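Below are the chains, spelled out letter by letter.
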Amino acid sequence: MPKIPKTTRKNDDTKAAGKKSVTKKTARKKAAPAVPAIKAVPPLPAEPAATAEILDRLFNVVVSRKGTDPAISHSARLLSRGRRKIAQKFGEEAVECLIEAVAGNAEELIGESADVLYHLIVMWVDAGIHPSDVWSELTRRQGTSGIAEKAARPRDPLAV
Ligand SMILES: N=c1c2ncn([C@@H]3O[C@H](COP(=O)(O)OP(=O)(O)OP(=O)(O)O)[C@@H](O)[C@H]3O)c2ncn1[C@@H]1O[C@H](COP(=O)(O)O)[C@@H](O)[C@H]1O
């Protein structure tokens, strides 16, 4: 391989360096806006989180209690007492819930809300309603304002 004179090599290097810096400048100009760094996904908790998923799990537990010993299971006892009693218990819990809401007792309202949800689930089990039926209805309503929905209702011609 023929030896390249040092000066020429230097010139070539400088040229190359110059070219590089031009290329870098051009690249910097064309570069897309900076994208924020992606955060690592946190690992899932070992135990199921306290989320609304509990309602589906509670429903399955209550279904499993149907027809079992009412002396051991409150759900079995309630279901064996019939629809009227189930509805009455739900109504009582709802009233207790609203009393705490009106009184502004947040802590008590949480407990009463849990009672309402449990008794509502017992009522669904008795009525043969699956939670997914209710979730579907809520999903269907999503995005429709209650004001708009009410305004779109057909008017009763006999209403004063
Ligand atoms: N979330 C609840 C829940 N909330 C409230 N309750 C019970 O509901 C009852 C309400 O009390 P009340 O005195 O008002 O009811 P009652 O005895 O029917 O009253 P009466 O009107 O007949 O006098 C209490 O016994 C509460 O413990 C519940 N019982 C059960 N659950 C859940 O249901 C699951 C299954 O429970 P069992 O069916 O009992 O195995 C449990 O693991 C819980 O997760």
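Chains are numbered independently. Their residues run from 1 in the order of the written sequence. Reporting of local features is limited, given that this is a predicted model, to residues whose pLDDT is at least 70; pairs of side-chain atoms are given and counted only at 80 or more, and all residues count toward the totals for whole chains, interfaces and linings. Water and hydrogen atoms were dropped before computing side-chain values, which therefore reflect all heavy atoms in the structure.

**Student:** So what's going on with the site of the ligand? Residues and values would help.
**Tutor:** Any residue with at least one heavy atom within 4 Å of a molecule or strand is counted as near it. Near the ligand there are 14 residues, and of these Ser73, His74, Ser75, Arg81 and Lys89 occur at the shortest range. Pairs of N or O atoms within 3.5 Å make up the polar contacts considered here, provided that, within protein, one atom can donate a hydrogen while the other can accept it, and that residues adjacent in sequence are counted only when both atoms are side-chain atoms. Contact distances for the ligand include 2.8 Å between an oxygen atom and a side-chain N or O atom of Arg65. Summarising the interface, the protein chains cover 55% of the accessible area of the ligand, which totals 860 Å² for the free molecule. Of all the elements in the fold, those that place two or more residues in the shell around the ligand are α2 (53-65), α3 (74-80), α4 (83-103) and α5 (106-127). By the convention adopted, Pro, Cys, Tyr, Trp, Phe, Met, Ile, Leu, Val and Ala count as nonpolar, Lys, Arg, Asp and Glu as charged, and the other residues, Gly among them, as polar. Among the residues forming the shell around the ligand, the class breakdown is three nonpolar, four polar and seven charged. What sets the accessible areas is the Shrake-Rupley method with a 1.4 Å probe; for residues, cover comes only from the shown protein chains. Secondary structure elements follow DSSP: runs of H or I no shorter than four residues count as helices, runs of E no shorter than two count as strands, and numbering proceeds from the N terminus.

**Student:** Explain α2 to me, and be specific about the residues and the numbers.
**Tutor:** The span expected for a helix works out to 1.5 Å for each residue beyond the first. Taking 1.5 Å as the rise per residue, α2 with 13 residues should run 18 Å; its terminal C-alpha atoms sit 19 Å apart, in good agreement. Listed in full, the buried residues belonging to α2 are Leu55, Phe59 and Val62. Viewed along the axis of α2, the buried residues span an arc of 70 degrees, placing them on a single side of the element. A contact between two residues is defined here by any heavy atoms of the two lying within 4.5 Å. Elements in contact with the buried residues of α2: α3, α5 and α6 (131-141). At the exit of α2 stands Gly67, carrying a positive phi of roughly 80 degrees. Summary of the burial criterion: residues with accessible area below 20% of their type's maximum are buried, those above 50% are exposed, and those between are partly exposed, where the area comes from a 1.4 Å probe applied to protein chains only. In this description, the arc belongs to the directions extending from the helix axis to the C-beta atoms.

That's the geometry; what it means functionally is another story.
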